[in-house]
Amino acid sequence: EKFIKENNLKSIIIEADGKNSDDGYNIGEEVISQAKSENISAISFYNDQTAVGFISYCLDNGIKIPDDYSVVGFGDFEISRVYRPKLTTVSIPNYDIGAIGIRALIKRIRGEEDILENNWILDAQLIERDSTKKH
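Because the structure is predicted, anything quoted here is derived from the model rather than measured.

Undergrad: Help me understand the nonpolar core in this model?
TA: Counting residues in hydrophobic clusters, the biggest one holds 20 residues, and the most contacted among them are Ile 32, Ile 43, Phe 45, Phe 54, Tyr 69 and Val 71. Broken down by secondary-structure element, the contributors of at least two residues to this core are helix 3 (28-38) and helix 4 (48-60). Ranked by residue count, the leading element in this core is helix 4, at 6 residues. Setting aside residues no more than four positions away along its own chain, Phe 45 makes contact with Ile 27, Thr 50, Ala 51, Phe 54, Val 71, Val 72, Gly 73 and Phe 74.

Put into structure tokens, the structure is as follows:
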């Protein structure tokens, strides 16, 4: 959101009915319609599974990824590495998230100060693959 605002870009949010690849496929028509009407060239999804479903919709309907639209997922699940085109995705530090959660649980059980009372910012990493155009 910060990048979009700083670069005076437009953002549209379309909600899928679920979180799997079928749900990504099922919103394909609506996403493409909005992208065309708003002249949007990049589409991101809240997980890799819906992104892959959307790419399948595109392939079934003659829409080329990344030539027509760049697509990005979230989570860096195995499907992002094996599906074609390989999915550009945001990788999150699952180990660190788990470690912080376990430490917080142990402290809570012991009656110590809860470490989750602080704001924790963990770095994510963009893993660039074949579903986005290189600029």
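Undergrad: Is there a simple way to think about unusual backbone geometry in this case?
TA: When glycine is set aside, most residues are seen to have a negative phi, and most peptide bonds are trans. Residue Pro 66 is reached from Ile 65 by a cis peptide bond, and omega for that bond is 10 degrees. By the element assignment, Pro 66 lies in the loop between helix 4 and strand 2 (70-74). That bond from Arg 84 to Pro 85 is cis: its omega, -5 degrees, falls within 30 degrees of zero. Turning to its location among the elements, Pro 85 is positioned in the loop between helix 5 (78-82) and strand 3 (88-91). The phi angle at Asn 8 is positive, at roughly 50 degrees, despite the residue not being glycine. By the element assignment, Asn 8 lies in the loop between helix 1 (2-6) and helix 2 (21-26).

Undergrad: Which parts of the structure should I look at to understand helix 6 (residues 94-110)?
TA: Because the α-helix completes a turn every 3.6 residues, residues three or four places apart line up on one side. Helix length check: helix 6, at 17 residues, gives a terminal C-alpha distance of 24 Å against a target of 24 Å (1.5 Å per residue), a fit within 8%. Directly beyond the C-terminal end of helix 6, a positive phi value near 80 degrees is found at Gly 111.

Undergrad: How do you make sense of the pattern of salt bridges when you look at a structure like this?
TA: Proximity of charged atoms lets side chains of opposite charge pair with each other. For the structure shown, the criterion picks out 5 salt bridges. In this structure, Arg 81 and Asp 76 form a salt bridge, with 3.2 Å as the shortest nitrogen-oxygen distance. Looking at Arg 81, the relative accessible area reads 36%, which means it is partly exposed. Two residues, Arg 129 and Asp 76, come together in a salt bridge whose shortest N-O distance is 3.0 Å. Pair noted here: Arg 129 is in the segment after strand 4 (125-127) and Asp 76 is in the loop between strand 2 and helix 5, with a separation of 53 residues, a long-range link. Each member of the pair, Arg 129 as well as Asp 76, carries the same accessibility label: buried. By sharing partners, the salt bridges in this structure join Asp 76, Arg 81 and Arg 129 into a single network.

Rules of the game
Residues numbered from 1 in each chain as written. Predicted model: local features only at pLDDT ≥ 70, side-chain atom pairs only at ≥ 80, totals over all residues. Heavy atoms only, no water. Core = buried A, V, L, I, M, F, W, Y, C linked by side-chain atoms within 4.5 Å. Buried < 20%, exposed > 50% of the residue type's maximum accessible area, 1.4 Å probe, protein only. Helix = DSSP H or I, 4+ residues; strand = E, 2+ residues; numbered from the N terminus. Contact = heavy atoms within 4.5 Å. Expected span 1.5 Å × (residues − 1). Salt bridge = Lys/Arg side-chain N within 4 Å of Asp/Glu carboxyl O.

These figures come from the coordinates and say nothing about function on their own.
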